[in-house]
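What follows is each chain in one-letter form.
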Amino acid sequence: MRDAVIVAAVRTPIGRGKQGGALDGVHPVDLMAHSLRAVVEQAGIDPALIDEVIGGVVSQVGEQATNVTRRASLAAGFPESVPASTIDRQCSASQQALRFAAHAVIAGDCDVVVATGVESVSRIPMGTSLLDVDNLTGSAFLERYPQGVPWQGISAELITARWGFGRGQLDEYALESHRRAAEATKRGGFDAELTPPINGLARDETIRFDASAAGLAALSPSFYNEAIAQRFPEIAWHITAGNASQLGDGSAAVLVTTSEHAKRLGLTPLARIRSHIAVGDDPFLMLTAVVPATEKVLKQTGLTLDDIDLIEINEAYASVVLAWARETGADLDRVNVHGGAISLGHPLGASGVRLTATLVHALHERGGRYGLQTMCESGGQANAMILEAL
């Protein structure tokens with residue numbers, strides 16, 4: 001039976017996702033192309049051998065519209081014969097691209113596939129694709145969910161309230177994310193996954209090396225709304241810019257093939273994809289699907305959390321990670337050991353593969369065998385994947 005292995009995994013340094021950020025002058029096509037060139041170089045493969053490129057992007061509008069992955073593949077110098085497609089699964093867009101890549105090589109449709117992702121939030125702000133949209137859901141959706149679905153920041157506040165987390169717990173988690181990311185940066189822990197510098201940026205611009213508990217405590221709530229406060233009096237308004245993910249600019253890419261094909265090409269696999277699943281959950285709480293996703297992917301492989309050496313879960317909000325850890329019993333000492341989206345940034349469509357690049361290389365650095373990756377998604381869904389280091 002064919003398998004799916006990762007032979008290269010890279011990501012750009014992440015720039016602040018706002019005007020003045022280090023990558024705000026880089027077109028999304030060039031940003032993705034940078035990772036595509038780097039992943040081919042890391043693998044040591046002729047791009048003519050690539051059967052397909054699958055990319056994830058969230059805001060598919062403007063410069064990121066009309067299949068940006070195809071333009072980026074051509075910009076990277078890939079042959080015109082290599083097809084490319086772009087998908088949107090919100091924050092898990094590129095993790096889903098990786099899932100599709102694994103499916104393609106396991107099924108025998110392809111031998112070599114690149115999964116990639118990009119987001120330039122500084123150039124295409126989050127929410128741009130919703131401008132001038134008066135009715136996003138239609139009537140049948142509202143018949144099923146007459147209460148509507150809140151903005152995910154409100155969902156994060158509801159999770160915070162329902163799991164009983166205080167502001168101090170969220171800020172403490174955020175501070176640790178920055179500490180871990182800063183420590184990894186200083187000792188070169190990201191060197192194996194980072195592409196060459198782009199637009200002069202050689203390391204993540206988002207990490208607060210001087211982060212402090214006092215500084216985090218001074219931040220105001222990000223999502224306070226009087227009408228929402230009246231509707232949900234249990235919300236204490238603990239979510240701030242400090243304990244939520246930072247929006248970022250960046251791209252990432254992984255190259256997937258089979259063990260047999262890698263051997264024929266003289267490539268050395270870094271990890272095998274043992275399982276990769278997706279689940280749906282409550283669209284109102286929206287961000288809790290990481291819990292059933294984790295349970296399902298473990299059940300599918302016959303593993304338990306005790307077997308997992310390292311875990312990467314997207315730090316959309318500190319409350320999401322803490323609620324997931326409480327429900328699953330995960331040991332936070334093994335979770336996001338190099339920091340996460342709170343400190344490194346969240347380049348939306350690129351974050352799924354960014355997590356994969358970090359997980360693959362961290363497993364090798366630390367001598368681990370199994371790694372788990374999961375991400376919540378807008379709309380109440382999540383992806384989860386288990387890798388085995390090789």
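Residues numbered from 1 in each chain as written. Predicted model: local features only at pLDDT ≥ 70, side-chain atom pairs only at ≥ 80, totals over all residues. Heavy atoms only, no water.

### Brief notes about the side chain of Thr12
Next up, step 1: Its location among the elements puts Thr12 in the loop between strand E1 (5–11) and strand E2 (15–16).
Next up, step 2: In contact with Thr12, not counting residues within four places along its chain, are Leu31, His34, Ser35, Leu194, Thr195, Ile198, Asp204, Gly250 and Ser251. (Helix = DSSP H or I, 4+ residues; strand = E, 2+ residues; numbered from the N terminus. Contact = heavy atoms within 4.5 Å.)

### Some details on the nonpolar core
Next up, step 1: Ranked by internal contacts, the top residues of the largest apolar core, which has 52 residues, are Leu287, Leu298, Ile308, Ile311, Tyr317, Trp324 and Ile386.
Next up, step 2: At seven residues, the largest contribution of residues to this core is made by helix H11 (residues 318–328).
Next up, step 3: The residues touching Tyr317, leaving out its near neighbours within four places in the chain, are Gln152, Gly153, Ala156, Phe223, Ile239, Asn243, Ala244 and Leu287.
Next up, step 4: In this structure, Val5, Leu23, Met32 and Leu201 belong to the second largest nonpolar core, which totals 34 residues. (Core = buried A, V, L, I, M, F, W, Y, C linked by side-chain atoms within 4.5 Å. Buried < 20%, exposed > 50% of the residue type's maximum accessible area, 1.4 Å probe, protein only.)

### Quick look at helix H3 (residues 93–107)
Next up, step 1: Helix length check: H3, at 15 residues, gives a terminal C-alpha distance of 21 Å against a target of 21 Å (1.5 Å per residue), a fit within 8%.
Next up, step 2: Across the 15 residues of H3, eleven count as buried, placing the element largely inside the fold.
Next up, step 3: When we look at burial in H3, the residues that qualify are Ala93, Ser94, Gln95, Gln96, Ala97, Leu98, Arg99, Ala101, Ala102, Ala104 and Val105.
Next up, step 4: Two residues or fewer past H3, Gly108 is found with a positive phi of approximately 90°. (Expected span 1.5 Å × (residues − 1).)

### So, the environment of Asp88
Next up, step 1: Assignment of secondary structure puts Asp88 in the loop between strand E4 (84–87) and H3.
Next up, step 2: We classify Asp88 as partly exposed; its relative accessible area is 42%.
Next up, step 3: In this structure, the C-alpha to C-alpha distance between Asp88 and Gln60, residues 28 residues apart in sequence, is 7.9 Å.
Next up, step 4: With near-sequence residues (within four places) excluded, Asp88 lies in contact with Val57, Val58, Gln60 and Ala93.

### Quick notes on the packing of helix H10 (residues 290–301) against H11
Next up, step 1: Running from amino to carboxyl end, H10 crosses H11 at an angle of 45°, the nearest separation of the two axes being 9 Å. On the basis of their axis angle, the class for H10 and H11 is oblique. Like other packed secondary-structure pairs, H10 and H11 cross with a definite hand, here right-handed. Residues Val290, Val291 and Thr294 of H10 form the contact with H11, whose participating residues are Val320, Trp324, Glu327 and Thr328.
Next up, step 2: For the contact of H10 with H11, the residue count by class is four nonpolar, two polar and one charged. (Axes fitted to C-alpha atoms, helices over the stretch in contact; angles between N-to-C directions. Parallel < 35°, antiparallel > 145°, perpendicular 65-115°, else oblique. Left-handed = near helix turned anticlockwise from the far one by under 90°. Nonpolar A, V, L, I, M, F, W, Y, C, P; charged D, E, K, R; others polar.)

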